[in-house]
Amino acid sequence: MNKKLAPAYLLTLVNVLGFSILMPILPFVVLEYGADKWVYGLLISLYSSFQFIGAPYLGRLSDSIGRKPVLMISQAGTLACWIVFLIALQLPEYMVFGMSLPLLVIGLSRALDGITGGNTSVANAYVADITSREEKSYVFGYLGGIAGFGMIVGPAIGGFAASGSMGFAGTITVAIVISITALFVIYSWLQESLPPEKRRIREKANLWRTLNIPGRIKRVQPKPIIKLLFTLKLMFSTMMAFYISTIALYMVDTFHFNEQELAMFMFAVGIFLSFNQAVLSKQFIKRFGEFTTLIIGLSLLIIGFFAITLTDTLGVYIAFYYILNLGLSLCFPTFNALIAIHADPSKQGEIMGISESINSFAMAAFPVLGATLYSFMGYPMYYLVAILPLLAFLLAMNRRPKLKVN
């Protein structure tokens, strides 16, 4: 293993842990303060809305001043977010604008985390800086496997920490410790991957230019395959926004999970995700190539969204869910690998930032809609969600011969 990648692997782990420990408690935090289901979607959207603004700027900034200082800024913002979240849990439950004061401050904390949320795009740019063409094909799979492991451990920690005497505050305290650990790792261990001679001249920030994704894509003049990947990423990320904003609600409604039971289910999901991304995705890429693996992943997503609605028996549901999980596991690393392989090295941070912006846009725009639709439609909503990977699959198949990708 490339020793330079070790801090990136560890940073990925602590980043995912910092996010995933919140997953099993957030629906119950919303219920605790008497809010409707759409507020759960709103809290997810707030993070991504502000990440949509902050991540592209941080990605572009990392092309000018280096990856390490930007990762420090981003992680410091995450630490501040958790401190504000912890303060919110201690506030009295006054109603402000029709919503509990603690929930409003929790929303503020999610926005703060989002505005400094450049961890993913800059960390991916760091990995792309120090890996060869061949390494990129599987390194992002390893990163996905590590993220999957974080998805195993994080929800379990979050759920069980919330079951102690501190309640939700116990989970947030653990998140604070994880963020401090990440800051220490970045400061003391991570070596700068972008030397001064390879950096771009820093441009003045312009909010409209930052938010205008089509304009940013035009300015970086990406290859046709990058443009296609951005389009596919938009469809995939929109699908993920509907999925993430409803799947916990669906499982609570279907199986009547409490915090600990939901955490244990996510533990099982994380095992699937970790194994599939670290092991199976590499085997798929070796045999079929990156682009074909992406197409296979999209096809499994179509099947998976239908399959998970067919049963309310937990054991059968887990088996069906594996189809969906495998589809996600094949798509996540291949998107990142294909973008890293085909991006202009001098614009790696900007292009990764655009990719993250597309994801942030979808996660900002659609979770409230997803949670609202679910509250009216229930599980049939997933039949509509399956249309998105279907469209992506058809577009990829149509463009594949013209681009001559495997």
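Sequence positions are assigned chain by chain, starting from 1 and proceeding in written order. Note on the predicted model: pLDDT of at least 70 is required for a residue's local features to be given, and 80 or more for side-chain atom pairs to be given and counted; whole-chain, interface and lining totals, by contrast, use all residues. Note that the side-chain values use all heavy atoms of the structure and ignore hydrogens as well as water.

> Is there a simple way to think about the packing of aromatic side chains in this case?
Aromatic rings considered in pairs are described by the distance between their centres and by the relative angle of their planes. Aromatic contacts are taken between Phe, Tyr and Trp rings whose centres are within 6.5 Å, Trp giving its six-membered ring; a plane angle under 30 degrees counts as stacked, one over 60 as edge-to-face, and the others as tilted. A complete count under the given rule lists 19 aromatic pairs for this structure. Between the aromatic rings of F306 and Y383, the centroid separation amounts to 5.2 Å while the plane-to-plane angle is 15°, which identifies the pairing as stacked. With F306 in helix α14 (residues 290-307) and Y383 in helix α18 (residues 381-385), the pair connects residues that are 77 residues apart, well separated along the chain. Between buried and exposed lies partly exposed: a residue is buried under 20% and exposed over 50% of the maximum accessible area for its type, with that area taken using a 1.4 Å probe on protein chains only. With a relative accessible area of 38%, F306 lands in the partly exposed category. Residue Y383 is classed as partly exposed on the basis of its relative accessible area, which comes to 31%. By definition, any uninterrupted DSSP run of H or I lasting at least four residues is a helix, any uninterrupted run of E lasting at least two residues is a strand, and each is numbered from the N terminus.

> Where do I start with a nonpolar patch on the surface in this structure?
A grouping of F376, M377, L384, I387, L390, L391 and L394 is seen on the molecular surface, where their side chains present a nonpolar patch of about 670 Å² in accessible area. Contributions of two or more residues to the nonpolar patch are made by α17 (367-377) and α19 (387-403). With 4 residues, α19 is the single largest residue contributor to the nonpolar patch. Like charges are joined within 9 Å and nonpolar side chains (Val, Leu, Ile, Met, Phe, Trp, Tyr) within 5 Å, but only among residues with over 30% relative accessible area and no salt bridge; these make up the patches. Methods summary: accessible areas were calculated by the Shrake-Rupley approach with a probe of 1.4 Å, and residue burial reflects only the protein chains presented. For this document, the term salt bridge refers to a Lys or Arg side-chain nitrogen within 4 Å of an Asp or Glu carboxyl oxygen.

> Teacher, can you tell me more about the side chain of S109 here?
Mapped onto the elements, S109 comes out in helix α5 (residues 101-115). What makes S109 buried here is its relative accessible area of 0%. Residue contacts follow a heavy-atom distance rule, with two residues in contact if any of their heavy atoms lie within 4.5 Å. Those residues in contact with S109 that lie beyond four places of it in its chain are C81, V84 and F85.

> I'm lost on the pattern of salt bridges in this one. Help?
Side chains that differ in sign of charge can pair as their charged atoms come close. This structure, assessed with the given rule, holds 3 salt bridges. Put simply, R67 and D129 hold a salt bridge, and the shortest N to O gap is 2.7 Å. With R67 in helix α4 (residues 67-89) and D129 in helix α6 (residues 119-129), the pair connects residues that are 62 residues apart, well separated along the chain. Of the residues examined, R67 reaches a relative accessible area of 0% and is grouped as buried. Accessibility expressed as a relative area gives 26% for D129, which makes it partly exposed. With its nearest N and O atoms 3.5 Å apart, the salt bridge here joins D113 to R110. Pair noted here: D113 and R110 are both in helix α5, with a separation of 3 residues, about one helical turn. Using a relative accessible area of 6% as the deciding quantity, one classes D113 as buried. Through salt bridges that share partners, D63, R67 and D129 make up one connected network.

Geometric descriptors of this kind do not, in isolation, establish any biological role.
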